[in-house]
Amino acid sequence: DTAVSQTPKYLVTQMGNDKSIKCEQNLGHDTMYWYKQDSKKFLKIMFSYNNKELIINETVPNRFSPKSPDKAHLNLHINSLELGDSAVYFCASSQWDLLGKELFFGEGSRLTVL
Amino acid sequence: AQSVAQPEDQVNVAEGNPLTVKCTYSVSGNPYLFWYVQYPNRGLQFLLKYITGDNLVKGSYGFEAEFNKSQTSFHLKKPSALVSDSALYFCAVRDSSGNNRLAFGKGNQVVVIP
């Protein structure tokens, strides 16, 4: 069973289109994240939800809108796609606490904007 | 805000030789330190972490890391590298304030030469 699963794995689309990436975790975690990995492999957090509540919202264009229908799911919708949005988007989950629980990552969704 | 520096871009090592990947961190308060590995076209996988206690931490696949508070370092080590260890390695730090923000370094590409 895949712990953190993202769909789709690959997305190729034109500028200006809208696309969504879905993420689901079956680990029973209460916190989920979206990270963006650029072409230089640098990882940057975008959003984090704890029990469906937004707790981290980095400086991300408002074309990006996360949605968490329940604590096992965190989706990412992107409007009006731009060339600079091309990247690999990783979903991750963890258990919220103060003792440093590790993150579990999905396999990534590679978005290519033409 | 917490941050991590991984000074080298690429680490080349011959198979069977010791492998070291360097990491220094900056954080207010006590650090929670992590190492992750990313194989090509895969998500990040957790290797090990330091939260408290013994400064030498052992993790998956024969890796270990040593926490050095005075040098603010958390170097990853493996006594004898395998070709299959070739991957991208990320150091990450979280502070103990409870903001749940994990800051990643830029990553180090490790190449193990047969």
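For the structure itself, consult the block above.
Residues numbered from 1 in each chain as written. Chains lettered and ligands numbered in written order. Predicted model: local features only at pLDDT ≥ 70, side-chain atom pairs only at ≥ 80, totals over all residues. Heavy atoms only, no water.

Caption draft 1: Structural detail: the interface of chain A and chain B. Contact residues are listed per partner, giving 24 residues for chain A and 21 residues for chain B. A combined buried area of about 2000 Å² lies between chain A and chain B, and 50% of that area is made up of carbon and sulfur atoms. Contact with chain B buries surface across chain A, with Leu 43, Glu 102 and Glu 107 of chain A losing the most and accounting together for 22% of the total. Between Glu 107 of chain A and Arg 42 of chain B there is a salt bridge, with its nearest N and O atoms 2.4 Å apart. Summed over the shared surface of chain A and chain B, the number is five residue pairs in polar contact (both at pLDDT 80 or more). Elements with a contribution of two residues or more to the side of chain A that touches chain B: β4 (31-37) and β6 (53-57) of chain A. Top contributing element to the side of chain A that touches chain B by residue count: β4 of chain A, with four residues. Residues belonging to the side of chain A that touches chain B are distributed by class as follows: 12 nonpolar, four polar and eight charged. (Contact = heavy atoms within 4.5 Å. Buried area = accessible area lost by both parts, 1.4 Å probe. Salt bridge = Lys/Arg side-chain N within 4 Å of Asp/Glu carboxyl O. Polar contact = N/O pair within 3.5 Å; in protein donor to acceptor, adjacent residues only side chain to side chain. Helix = DSSP H or I, 4+ residues; strand = E, 2+ residues; numbered from the N terminus. Nonpolar A, V, L, I, M, F, W, Y, C, P; charged D, E, K, R; others polar.)

Caption draft 2: Quick peek at the state of the cysteines. Under the criterion given, the structure shown has two disulfides over all chains. The residue that forms a disulfide with Cys 23 of chain A is Cys 91 of chain A, at a sulfur-sulfur distance of 1.9 Å. With the S-S dihedral at roughly -80°, the linkage between Cys 23 of chain A and Cys 91 of chain A falls on the left-handed side. Separated by 68 residues along the polypeptide, Cys 23 of chain A in strand β3 (residues 19-25) and Cys 91 of chain A in strand β9 (residues 87-94) bring together distant segments of the chain. What makes Cys 91 of chain A buried here is its relative accessible area of 0%. Paired through a disulfide, Cys 23 of chain B and Cys 91 of chain B show a sulfur-sulfur distance of 2.0 Å. Disulfide Cys 23 of chain B-Cys 91 of chain B: torsion about the S-S bond near -65°, hence left-handed. Of this pair, Cys 23 of chain B sits in the loop between β3 (19-21) and β4 (24-26) while Cys 91 of chain B is found in strand β10 (residues 87-95), placing the two residues 68 residues apart along the sequence. Look at Cys 23 of chain B and you get buried, because its relative accessible area is 0%. (Disulfide = S-S within 2.5 Å. Buried < 20%, exposed > 50% of the residue type's maximum accessible area, 1.4 Å probe, protein only.)

Caption draft 3: Representation of the sheet that holds strand β1 (residues 4-7) of chain A within the structure. Residue and element names in this part refer to chain A. In space, the four strands of this open sheet follow the order β1-β3-β8-β7, with antiparallel pairing throughout. At either margin of the open sheet sits one strand with a lone partner, and together these are β1 and β7 (64-70). Taking each pair of neighbouring strands and ignoring which way they run, the sheet shows an average axis angle of 15°. Where β1 meets β3, four bridges bridge the pair, whose relative direction is antiparallel. Along β3, the bridge assignment pairs Thr 7 with Lys 22. (Pairing = 2+ DSSP bridges. Axes fitted to C-alpha atoms, helices over the stretch in contact; angles between N-to-C directions.)

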